[in-house]
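Here is how the chains run, residue by residue.
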Amino acid sequence: MRGMTPHTEKAVATLGSVRTVALPPESGIAHLFPGAHLADAFAITLPPGAPQDTEALARAVFGDPAPWFRALLSLRDAIVRPFGLKTSAQLRRERGGEASATHIDFFPIVARRPDELVIGEDDRHLDFRASVLQRTSGDGQARELVATTAVHCHNLLGRMYLLVISPFHRLVVRSSLARAAARGWRTN
């Protein structure tokens, strides 16, 4: 593709292999699906050499976002700050700034299982959970990684915020899965 680096070409090609899937009933956040203002799931098939460790996979997906996403997040922070929503910079400062055993980037880890890692945040406007679940694909032939999100809004501001970010959310999740796959599931 014209003007793209080999890494970018690989990420764009991989994006096509990310697919929308049904909400996984085996997920630890399945109890949040009913009544959610947003609930979606995307999956990608894991290659044979991908890590077996679910937390390593989650860190590859969420731990090093693309530069365009960081720019979008900065814009989001500038827009929501006057409304009292937590900014990513505030959350990073609260959590010491670096990834640790308790969080990935500014997302706190709220649950761990051998096959799933859940990050999330509760705010006065909305609560969100994002799950990275490793499971056998529907045909039983391969492993897949499923990224699932569930959001519950508490008020009009939360619903308005969600309305604005929903289209970007889907792009970010799909892109994050594709980028992690294109980078060989490495965390840096």
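The structure under discussion appears in the preceding block.
The following paragraphs examine the structure supplied in this document. (Residues numbered from 1 in each chain as written. Predicted model: local features only at pLDDT ≥ 70, side-chain atom pairs only at ≥ 80, totals over all residues. Heavy atoms only, no water.)

### Concerning the overall build of the protein
What the protein contains, in helices and strands, is five helices and seven strands. Starting at the N terminus, the α and β elements of the protein follow one another as α-β-β-α-α-α-β-β-β-β-β-α. Buried residues in the protein amount to 46% of all 188 residues. Summarising the internal contacts of the protein: among those between residues at least 6 apart in sequence, 62% fall at separations of at least 24. Carbon and sulfur atoms make up 61% of the accessible area of the protein, which totals about 9600 Å². (Helix = DSSP H or I, 4+ residues; strand = E, 2+ residues; numbered from the N terminus. Buried < 20%, exposed > 50% of the residue type's maximum accessible area, 1.4 Å probe, protein only. Contact = heavy atoms within 4.5 Å. Areas by Shrake-Rupley, 256 points an atom, 1.4 Å probe, with all protein chains shown as cover.)

### Things to note about helix α5 (residues 156-182)
The terminal C-alpha atoms of α5, which comprises 27 residues, lie 38 Å apart, in line with the 39 Å expected from a rise of 1.5 Å per residue. N-capping of α5 is provided by Asn 155, with a side-chain oxygen placed 3.2 Å from the backbone N of Leu 157. Remark: Gly 184 follows α5 within two positions and exhibits a positive phi of approximately 75°. (Expected span 1.5 Å × (residues − 1). Polar contact = N/O pair within 3.5 Å; in protein donor to acceptor, adjacent residues only side chain to side chain.)

### A look at the layout of surface pockets
The rolling of a water-molecule-sized probe over the atoms marks out the regions of remaining empty space. Approximately 1100 Å³ is the volume attributed to the largest pocket. In terms of lining residues, the largest pocket is bounded by 42 residues, among which Phe 69, Leu 73, Arg 76, Tyr 161 and Ile 165 are the most central. The element best represented in the lining of the largest pocket is α5, accounting for 11 residues. (1 Å grid on protein atoms, 1.4 Å probe; cavity = no way out; pocket = protein on both sides within 12 Å on 5 of 7 lines; lining within 4 Å. Points joined across faces, edges and corners; volume = space filled by probe spheres on them.)

### Section: the pattern of salt bridges
Using the criterion set out here, one finds nine salt bridges in the structure. The salt bridge involving Glu 144 is made with Arg 135; its shortest N-O contact spans 2.7 Å. Residues joined by salt bridges that share partners form a network here, namely Arg 19, Glu 26, Arg 135 and Glu 144. (Salt bridge = Lys/Arg side-chain N within 4 Å of Asp/Glu carboxyl O.)

### Some details on empty space enclosed by the protein
If you walk through the whole model with that rule in mind, you get one cavity of 30 Å³ or more. In this model, the largest cavity occupies a volume close to 80 Å³. Every element with two or more residues in the lining of the largest cavity is listed here: α2 (54-62), α3 (67-80) and α5. Grouping the amino acids of the lining of the largest cavity by side-chain chemistry returns eight nonpolar, two polar and three charged. (Nonpolar A, V, L, I, M, F, W, Y, C, P; charged D, E, K, R; others polar.)

### Focus on the packing of α3 against α5
Contact geometry for α3 and α5: axes closest at 11 Å, N-to-C directions at 160°. Taken together, the axes of α3 and α5 lie roughly antiparallel to each other. The handedness of the crossing between α3 and α5 is left-handed. Across the interface between the two elements, Pro 67, Trp 68, Phe 69, Leu 72, Arg 76 and Val 80 from α3 touch Tyr 161, Phe 168, Leu 171, Val 172, Ser 175 and Arg 179 from α5. Class assignment for the residues of the contact of α3 with α5 results in nine nonpolar, one polar and two charged. (Axes fitted to C-alpha atoms, helices over the stretch in contact; angles between N-to-C directions. Parallel < 35°, antiparallel > 145°, perpendicular 65-115°, else oblique. Left-handed = near helix turned anticlockwise from the far one by under 90°.)

### A few points about the pairing of strand β6 (residues 126-136)
Burial analysis of β6 places eight of its 11 residues in the buried class, the great majority of the element. By the bridge criterion, seven bridges tie strand β5 (residues 116-122) to β6 in an arrangement that is antiparallel. Directly across from Asp 122, in β6, lies its bridge partner Asp 127. Pairing analysis gives 11 bridges linking β6 to strand β7 (residues 143-153), with the strands arranged antiparallel. Paired with Leu 133 across the bridge in β7 is Val 146. A loop of six residues connects β6 with β7, the two strands running antiparallel in sequence, and Gly 140 in this loop sits at a positive phi of about 75°. (Pairing = 2+ DSSP bridges.)

### Focus on α2
Among the nine residues that make up α2, seven are buried, leaving the element largely enclosed by the rest of the structure. Along α2, the residues classified as buried are Thr 54, Leu 57, Ala 58, Arg 59, Ala 60, Val 61 and Phe 62. Taken together, the buried residues of α2 touch β3 (103-104), β4 (107-113), β5, β6, β7 and α5.

Nothing here speaks to function; it is geometry throughout.
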